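Spelled out from the first residue to the last, the chains are:
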Amino acid sequence: MDRRNFIALCGHLSAITVLARSASPASANNLTPAPATVAAPAPAEPAPPPPPAPPTPAPGPLAPTSAPFSEDWLQELARTMASAPFDDSDLRLPDDLKSLNYDQYRSIRFLKDKAVWANDGVGLSLEMFQSGYIYGNLVRVHLVENGVATEFPYDPTLFTYGPDVKAPAPGSPGGYSGFRAHAPINRAGRLDEYVVFQGASYFRSFASGQEYGISARGLAVNTAQFPGEEFPLFRGFWVLKPKKGDERLTVFALLDSKSVTGVYKFVISHRVDTVMEIEATLHSRLKIPFAGVAPLTSMFHSGPSDLTKYPDYRPQVFDSEGLQIWNGGGEHIWRPLINPERLQFSSFSDENPKGFGLIIRDRQFTNYQDLQVRYEKRPSAWVEPIGDWGPGFVDLIELPTPTEYNDNIVAFWRPREPLEPGKTYRYAYRLYWCWDAPIRRNFAYVTQTRVASAGQPGWHSFHLDFANTGLYDFCVETEPCGDKLRNLQISCTNGAIGRSYFQKNPITGGHRLSFDFRSKGVEQADIRCVLVENGVQASEIWTYRWTA
């Protein structure tokens, strides 16, 4: 699905995040906080003498400029930038490009026969994106070969323009807004698109057989906090030309904003999943109380887990179905997403998480019924931290949206302690663009959540289908096994839990749990459920945010 408000969401977020002042992160879905110790930032290191800096000319059609490149040089550049105020005066888009509408911008295409490295036999090509429309910040793209970086100069003649777009004259000001990469991900000898870097610090990918959906970002700053969110930018890229036979793409990105600078290293590989090994080094300009590491951005419009009803022939419409967490204590958590009436902020306390992501579990077309927008083919995104991330929170932010064109879901890791000015912080992780989270499930887990009005006023019913239940000896309603509730632990922070019914599901081979929740007069509640066997946890923790 094309995101007409991909970056325009920035303004939407800033306008409504004042509501978050009344949303306390302490309401963490009734989960027990893990014991925590404060993690110190990475110790400052003496900067090695940098090699000569590549020149930074103003945007425009220029002759290629070349200079030695190294990661040490880029790190030193980011450190130096952090010691000075943020300056984005050279990133501004000319007005004639800024005024393009959605359809005009989509009509601008990079010339296929001009794709970078397409004829070099390295199994990879790059195509640039013209700046314009909502992509108003100019970025520089450098190609690195044998340790030398050469800027790919902006040239408006590298694009075709639709009939309603006046092509910029050769030599006119402008620039690129990002790039996309192509590789033989589906068939040998054919280069297909699989990675995009474009807009603020956004990037995205997918697994084989999928289509674009969820996006990731370099860093989230002050999301859902007053007075509004800050959106750091990738203002420059250095793309290493791969050697023949090397199936990995390596990209360095320079992050910059009012509060922080940073260097990101992406090593991207593709088999069935696309896997990005990411190293982020952050140099804080200002104190950042709410820093979101490894942020994911997605959309949830409607589905059976949410009571928000829309006149739509499609049973469910979303890019992500739920938040999945594998916390540092070894617990697995599943939180179905909702499209709330007002902003919702959920926070899961943890230390050194093993993984988290925004996931789709339902892959059946019949449950979506959209032939144009194949939501069942959208990727899941899973973050696997590498090394010690210390104490913090997995934060989930859910915004109300009346349409499927707005990204309204954000999830990220938030360190417990603020990022302090003048200090350096490092985070490494793998980001999987996949069909499902790359973890081994030796426990029962929820495959669907359905919510409906119950048979009596003031009550609602929940229906959860569990898979992998054959691993356990559960007592169900139709068997003479004594206490029918001994395998269930259901609780809520407000309201009350009513009748429950636990039975085998002969259609799926798993089990179904149905229970009633007294919702009358309840504005907000966190509901929690887990299956147990002989007093030992046998399933992931299912948790749900109820809102009136």
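Fair warning: this is a prediction, and the values are worked out from it, not measured in the lab.

Right, let's talk about the layout of surface pockets for a bit. For the second largest pocket, the calculated volume is near 440 Å³. Going through the elements one at a time, strand S20 (332-336), strand S27 (445-453) and strand S28 (459-467) are the ones with two or more residues in the lining of the second largest pocket. Top element by residues in the lining of the second largest pocket is S27. It accounts for 5 residues. Of the residues belonging to the lining of the second largest pocket, the class tally is 8 nonpolar, 12 polar and 6 charged.

Attention now goes to helix H2 (residues 71-82). With 12 residues, H2 extends 17 Å between its outermost C-alpha atoms, agreeing within 8% with the 16 Å of an ideal straight helix rising 1.5 Å per residue. Among the residues making up H2, those that are buried are Trp73, Leu74, Gln75, Glu76, Ala78, Met81 and Ala82. Looking at the buried residues of H2, the elements they touch are strand S12 (233-240), strand S13 (249-256), strand S14 (260-270) and strand S15 (274-284).

So, on to unusual backbone geometry. Leave glycine aside and you will find that most residues have negative phi; peptide bonds, for their part, are mostly trans. Cis geometry is found at the peptide bond from Phe226 to Pro227, where omega equals 10 degrees. One can find Pro227 in the loop between strand S11 (219-221) and S12. Even without being glycine, Ala224 reaches a positive phi, approximately 60 degrees.

It is worth spelling out the nonpolar core at this point. In summary, soluble globular proteins display a tendency toward joint burial of nonpolar side chains. Ranked by internal contacts, the top residues of the largest apolar core, which has 92 residues, are Met128, Tyr194, Phe203, Tyr264, Phe266 and Leu431. Formed by 35 residues, the second largest nonpolar core is a distinct cluster that contains Ile338, Cys434, Leu488 and Phe515.

This paragraph deals with the packing of aromatic side chains. Tallied over the entire structure, the rule returns 38 aromatic pairs. Relative to Tyr544, the ring of Trp542 has its centre 5.9 Å away and its plane inclined at 15 degrees; by these criteria the two rings are stacked. Residue classification places Trp542 among the buried residues on the basis of a relative accessible area of 0%. One aromatic cluster in this structure is built from Phe179, Phe197, Phe203, Phe234, Phe237, Tyr264, Phe266 and Trp433. It is Arg204 that lies over the ring of Tyr212; its NZ or CZ is 4.6 Å from the centre.

Turning our attention to the pairing of strand S8 (residues 190-198). The pairing of strand S7 (residues 176-187) with S8 spans 7 bridges and is classified as antiparallel. Paired with Phe179 across the two strands is Phe197, which belongs to S8. Linking two consecutive strands that pair antiparallel, namely S7 and S8, is a turn of 2 residues; a positive phi of about 90 degrees is found at Gly189 within it.

With that settled, consider the pattern of salt bridges. Inspection of every chain in the model, using the stated rule, returns 29 salt bridges. Residues Asp120 and Lys241 are paired through a salt bridge, measuring 2.8 Å at the closest nitrogen-oxygen approach. Within this pair, whereas Asp120 is found in the loop between strand S2 (109-110) and strand S3 (125-130), its partner Lys241 is found in the loop between S12 and S13, the two being separated by 121 residues in sequence. The exposure class of Lys241 is buried, given its relative accessible area of 19%. One salt bridge in this structure joins Arg248 and Asp246, with 3.4 Å as the shortest N-O distance. According to the relative accessible area criterion, Asp246 is partly exposed, its value standing at 27%.

The next subject is the sheet that holds S27. In space, the 4 strands of this open sheet follow the order S27-S28-S31-S30, with antiparallel pairing throughout. The sheet is open, and its two borders are formed by S27 and strand S30 (496-505), each paired with just one other strand. Adjacent strand axes in the sheet meet at a mean angle of 15 degrees when their direction is disregarded. Of the strand pairs in this sheet, S27 and S28 are connected by 8 bridges, and their pairing is antiparallel. Across the sheet, Ala452 pairs through a bridge with Ser461, a residue of S28.

What follows is about the pairing of strand S4 (residues 140-145). Consecutive residues of a regular strand have side chains that alternate between opposite faces of the sheet. Counting buried positions over the 6 residues of S4 gives 5, a clear majority of the element. Pairing geometry for S4 and S12, over 5 bridges, is parallel. Residue Val144 lies in a different strand from S12, and its bridge partner there is Leu240. Across 4 bridges, S4 lies against strand S5 (residues 148-151) in antiparallel orientation. For Glu145, the partnering residue across the bridge sits in S5 and is Val148. Hairpin connection of S4 to S5: 2 residues between the antiparallel strands, including Asn146 at a positive phi of 55 degrees.

Criteria and thresholds
- Residues numbered from 1 in each chain as written.
- Predicted model: local features only at pLDDT ≥ 70, side-chain atom pairs only at ≥ 80, totals over all residues.
- Heavy atoms only, no water.
- 1 Å grid on protein atoms, 1.4 Å probe; cavity = no way out; pocket = protein on both sides within 12 Å on 5 of 7 lines; lining within 4 Å.
- Points joined across faces, edges and corners; volume = space filled by probe spheres on them.
- Helix = DSSP H or I, 4+ residues; strand = E, 2+ residues; numbered from the N terminus.
- Nonpolar A, V, L, I, M, F, W, Y, C, P; charged D, E, K, R; others polar.
- Expected span 1.5 Å × (residues − 1).
- Buried < 20%, exposed > 50% of the residue type's maximum accessible area, 1.4 Å probe, protein only.
- Contact = heavy atoms within 4.5 Å.
- Core = buried A, V, L, I, M, F, W, Y, C linked by side-chain atoms within 4.5 Å.
- Phe/Tyr/Trp six-rings, centres within 6.5 Å; stacked < 30°, edge-to-face > 60°.
- Lys NZ or Arg CZ within 6 Å of the ring centre and 35° of its normal.
- Pairing = 2+ DSSP bridges.
- Salt bridge = Lys/Arg side-chain N within 4 Å of Asp/Glu carboxyl O.
- Axes fitted to C-alpha atoms, helices over the stretch in contact; angles between N-to-C directions.

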